Amino acid sequence: MKKMLVTGGTVFVSKYIASYFAHLGFDVFVLNRNTRPQPEHSTLIQADRHNLGSALNGHSFDIVIDTAYTKEEVQNLLDALAAEKSPMYVFISSSAVYPETLPQPFKESALTGKNSIWKDYGTHKIEAEEYLFSRMKDAYILRPPYLYGPMNNLYREAFVFECAEKGRTFYLPKDGSLQLQFLYIEDLCRIIQTILDTRPQQHILNVGNSESVLARDWVCLCYEAVGVPLNVQNVTAAIEQRNYFPFYDYEYKLDVTLQQALLSHTTSLKDGLAQSYNWYRQHKDAIVRKDFIAYIDSHLATEGMHS
């Protein structure tokens, strides 16, 4: 039984990863401050990764799955693991490492740099990647687009599900042609699993669905998952769309050709959103909500913008 350390383990991506591999029979340890419920079938190492001290003394891991946000977080973890044999290390980075000024679709060989949309989040991920490779040249780095699926506590598909359940008109930016690229959370885990099994030569991988989806089609699929007909109002006024819609007014496309050599098929959005809604119905209290609906009711619905 291989021992795996997952940093975090209590929120969406890291929690799903921990649960996925625990159910596959890995001996999963999670590293967090124990402020939220822990994933089932995992062992808690209670510590703040910014001040690990001796928390990892006496532990030895075959695999580390890290969702760090900064170079310092990676450094602290590697220093704490220094006395151990070198584990196989998979770092969950982000598509935010690519400047929006580059030609698209972004390839793994493209230069990384500041993205004006994602700002510090992207540059911190870049610094974390570079530091990791300076100490572990055999590490793997995954750069996903928008992740979705069960355990997603962000107010993305959950927002649309909520609007659908309430029978609300959905306020869609412009003509709804904004292109979005997604990856189902279980597909991310399947990619990690394949990397662990095959140890591919490529150590930086864009991961995601090969096809993007229009925002209006994504909203339609969310309403379809709930089983409610969609009524759309297009918002053409010059209003910051993040006030009422869960994505930035920013299109990007990842080239996932290298990923497809490892995982040729990814979950369809229709099937993934159906599973997302099944989870949402039972975990509505887990969602971190934003004031989208209040903003719509006070700024959009009152201005005669109904369809």
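Residues numbered from 1 in each chain as written. Predicted model: local features only at pLDDT ≥ 70, side-chain atom pairs only at ≥ 80, totals over all residues. Heavy atoms only, no water.

Visitor: What should I look at first to understand the pairing of strand 13 (residues 232–235) in this one?
Guide: Side-chain direction in a regular strand flips from residue to residue, so the side chains alternate between the two faces of the sheet. Where burial is concerned, the two faces of strand 13 differ: the one with Gln-233 and Val-235 is buried and the one with Val-232 and Asn-234 is not. Sheet topology note: the strand 8 (residues 170–173)/strand 13 ladder contains 4 bridges and is parallel. When the bridges of strand 13 are listed, Pro-173 appears paired with Val-235. (Buried < 20%, exposed > 50% of the residue type's maximum accessible area, 1.4 Å probe, protein only. Helix = DSSP H or I, 4+ residues; strand = E, 2+ residues; numbered from the N terminus. Pairing = 2+ DSSP bridges.)

Visitor: For this particular structure, what's the right way to read empty space enclosed by the protein?
Guide: Here the idea is plain: a probe the size of a water molecule rolls over the atoms and shows the empty space left. Taken as a whole, this structure holds 1 cavity of 30 Å³ or more when the rule is applied. A volume near 40 Å³ is recorded for the largest cavity. Residues belonging to the lining of the largest cavity are distributed by class as follows: 5 nonpolar, 3 polar and 1 charged. (1 Å grid on protein atoms, 1.4 Å probe; cavity = no way out; pocket = protein on both sides within 12 Å on 5 of 7 lines; lining within 4 Å. Points joined across faces, edges and corners; volume = space filled by probe spheres on them. Nonpolar A, V, L, I, M, F, W, Y, C, P; charged D, E, K, R; others polar.)

Visitor: I tried to follow the packing of aromatic side chains on my own but got confused; where do I start?
Guide: Aromatic rings in a pair are described by how distant their centres are and how their planes are angled relative to each other. Under the definition given, this model contains 28 aromatic pairs. Judged by centre distance (6.1 Å) and plane angle (55°), the rings of Trp-118 and Tyr-121 are tilted. Here the aromatic rings of Phe-182 and Phe-247 are separated by 5.7 Å at their centres, their planes lie at 80°, and the arrangement is edge-to-face. Within this pair, whereas Phe-182 is found in strand 10 (residues 182–184), its partner Phe-247 is found in the loop between strand 13 and helix 7 (257–260), the two being separated by 65 residues in sequence. (Phe/Tyr/Trp six-rings, centres within 6.5 Å; stacked < 30°, edge-to-face > 60°.)

Visitor: Mind showing me how you'd approach helix 8 (residues 269–282) here?
Guide: An α-helical segment advances 3.6 residues per turn. Residues three or four places apart therefore align on the same side. Compared with an ideal rise of 1.5 Å per residue, which puts 14 residues at 20 Å, helix 8 spans 20 Å between its outermost C-alpha atoms and is within 8% of the ideal. Those residues of helix 8 that sit buried are Leu-269, Gly-272, Leu-273, Ser-276, Tyr-277, Trp-279 and Tyr-280. The buried side chains of helix 8 occupy one side of the element, clustering within an arc of 165° when seen end-on. Opposite its buried face, helix 8 presents the exposed residues Lys-270 and Gln-282, each directed more than 90 degrees away. Where helix 8 is buried, its residues meet strand 7 (146–148), helix 4 (157–165), strand 10, strand 12 (213–214) and helix 6 (215–226). (Expected span 1.5 Å × (residues − 1). Arc of directions from axis to C-beta. Contact = heavy atoms within 4.5 Å.)

Visitor: Just to check I follow, could you spell out the sheet that holds strand 6 (residues 140–143) for this structure?
Guide: Sheet strands pair via backbone hydrogen bonds, and the direction of the pair is either parallel or antiparallel. In space, the 7 strands of this open sheet follow the order 3-2-1-4-5-6-11, with parallel pairing throughout. Looking at which strands have only one partner, the edges of the open sheet turn out to be strand 3 (42–46) and strand 11 (204–206). The sheet shows a mean angle of 20° between the axes of neighbouring strands, direction not considered. Pairing of strand 2 (residues 27–32) with strand 3, which is carried by 5 bridges, proceeds in the parallel orientation. Each residue of the ladder has a partner; that of Leu-31, found in strand 3, is Ile-45. (Axes fitted to C-alpha atoms, helices over the stretch in contact; angles between N-to-C directions.)

Visitor: I tried to follow the layout of surface pockets on my own but got confused; where do I start?
Guide: Of the volumes computed, that of the largest pocket is approximately 1200 Å³. Along the wall of the largest pocket there are 46 residues; nearest its centre are Val-11, Val-13, Thr-67, Tyr-69 and Tyr-121. The set of elements that each furnish at least two residues to the lining of the largest pocket consists of helix 1 (12–23), strand 2, helix 3 (120–135) and strand 7. Taken together, the residues that form the lining of the largest pocket break down as 23 nonpolar, 14 polar and 9 charged.

Visitor: Would you explain the pattern of salt bridges in this entry?
Guide: When the charged atoms of two side chains with opposite charge come close together, those side chains can pair. Taken as a whole and judged by the stated rule, the model has 11 salt bridges. The residue Asp-79 makes a salt bridge to Arg-135 at a minimum N-O spacing of 2.7 Å. Here Arg-135 lies in helix 3 and Asp-79 lies in helix 2 (residues 71–80), a separation of 56 residues in the sequence. (Salt bridge = Lys/Arg side-chain N within 4 Å of Asp/Glu carboxyl O.)

Visitor: Hey, could you run me through unusual backbone geometry in this one?
Guide: Peptide bonds are trans in most cases, and residues, glycine excluded, mostly fall at negative phi. Omega for the bond connecting Gln-104 with Pro-105 falls within 30 degrees of zero, at 5°, which places this linkage in the cis form. Along the chain, Pro-105 falls in the loop between strand 5 (88–92) and helix 3. Although it is not a glycine, Lys-174 sits at a positive phi angle of roughly 55°. Residue position: Lys-174 is located in the loop between strand 8 and strand 9 (179–180). A relative accessible area of 48% places Lys-174 in the partly exposed class. One non-glycine residue, Arg-199, lies in positive phi territory at about 45°. With respect to the secondary-structure elements, Arg-199 resides in the loop between helix 5 (185–198) and strand 11.

Visitor: Explain a negative patch on the surface here, please?
Guide: On the surface, Glu-72, Asp-120, Glu-127 and Glu-130 cluster together into a patch of negative charge. Of the residues forming the negative patch, the biggest block, 3 residues, is contributed by helix 3. Mapped onto the elements of the fold, Asp-120 is located in helix 3. (Patch = residues over 30% accessible without salt bridge, like charges linked within 9 Å, V, L, I, M, F, W, Y side chains within 5 Å. Areas by Shrake-Rupley, 256 points an atom, 1.4 Å probe, with all protein chains shown as cover. Lys, Arg positive; Asp, Glu negative; His and termini not counted. Charge placed at Lys NZ, Arg CZ, Asp CG, Glu CD.)

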